[in-house]
Amino acid sequence: MQGWIEDIHARARTRLGSGHVASYIPALARQDPERLGIAVCTNAGELYAAGDAEIPFSIQSIAKVLLLTLALRTHGEGLWERVGLNPSGMPFNSLAQLEAERGKPRNPFINAGAIVVTDRLVSAFATPPKHLRDVARRLSGNDAILIDDGVLASEWQHRSRNAAAAYLMKAFGNLDNEVDEVLHTYFSCCALAMSCKDLAIALSFLAAGGQAQAMDERFVSPGLTRRINSIMSTCGLYDAAGDFAYRVGLPAKSGVGGGIVAVVPGRMTICAWSPALDESGNSVAAQYALELFAEEFDQMPPSG
Ligand code: GLU
């Protein structure tokens, strides 16, 4: 498998040079677009990696998977009174639909949806940002994981659109806590800096029926795992989720930091990262790496 991952890495490198690094969060604009990392964590606990797989990057919207998982653990099915379950067909930070649908976001993977989910966590925990960081540390087995203060400050400074969504939801009665506290918690989680290896290990529970690799325990139930994977399949890649589903066919979640985590249920979790994005906000080279991975998946040795 190691040779196979290195081959995919080499082929995906041909896509470097296409796309643009996210600039609407200025701290992200400083990322090197030539970076490309891939890491795979199998359910047997093997780790394979190629390229820049150990460099921490801003996980951004991949955080929405963590937020959703924790909110479902603490609030159960009641969460769906606050947020929907269907693709939005709109950009991830759109406000138009939110107004028309009276402050109930379409799904937990658009910004408004993740902000509502975060509001549930702010209600549940005493120090939500620290709690989220600690969960990321425990899930990945890496105590060095940090919230990148520079990214957090940059997101806070440029929060107008997310603040508009949050205030709109607050006006519709769909946010219990103060907007500033909810946004601060949401940005803190998006600003977690994790590597491909960290993320492949941390989200390995999604491939293993909820069994967390580094924690040596069941993090969520198999049923919940299946449901989270389903939402990743339908809503995980912004408004390009359908294109990605056709080309790759795996549950996945991307972030504007350039990372994408994909899940092969029952087998493994993969994280690919490269900062330059296409017009939908998904990493060009990481998507291609996952496409190559999916194409060659049938040739993988059964033990993989
Ligand atoms: N923190 C980013 C925002 O709220 C997340 C964007 C993303 O990765 O989609 O705009």
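Residues numbered from 1 in each chain as written. Predicted model: local features only at pLDDT ≥ 70, side-chain atom pairs only at ≥ 80, totals over all residues. Heavy atoms only, no water.

Engineer: Let's hear about the layout of surface pockets: which residues, and what values?
Structural biologist: Unfilled space is identified by rolling a water-sized probe across the atoms. Here the largest pocket defines a volume of roughly 210 Å³. If you trace the largest pocket, you find 17 residues lining it, with Gln-31, Pro-56, Phe-57, Ser-58 and Asp-148 closest to the centre. Secondary structure elements with two or more residues in the lining of the largest pocket: β4 (57-58) and α6 (149-157). Class assignment for the residues of the lining of the largest pocket results in ten nonpolar, three polar and four charged. (1 Å grid on protein atoms, 1.4 Å probe; cavity = no way out; pocket = protein on both sides within 12 Å on 5 of 7 lines; lining within 4 Å. Points joined across faces, edges and corners; volume = space filled by probe spheres on them. Helix = DSSP H or I, 4+ residues; strand = E, 2+ residues; numbered from the N terminus. Nonpolar A, V, L, I, M, F, W, Y, C, P; charged D, E, K, R; others polar.)

Engineer: How would you summarise empty space enclosed by the protein if you had to cite specific residues and measurements?
Structural biologist: In this structure the tally under the stated criterion is five cavities of 30 Å³ or more. Looking at the largest cavity, its volume works out to about 90 Å³. Forming the walls of the largest cavity are 14 residues, and the residues nearest its centre are Ser-94, Gln-97, Leu-98, Ile-110 and Ala-112. For the lining of the largest cavity, the secondary-structure elements that each account for two or more residues are α3 (96-100) and α4 (111-124).

Engineer: Help me get a handle on unusual backbone geometry, residues and values and all.
Structural biologist: The phi dihedral of Asp-216 falls on the positive side, at around 60°, and the residue is not glycine. Here Asp-216 lies in the loop between β7 (211-212) and β8 (217-218).

Read these as geometric descriptors, not functional statements.
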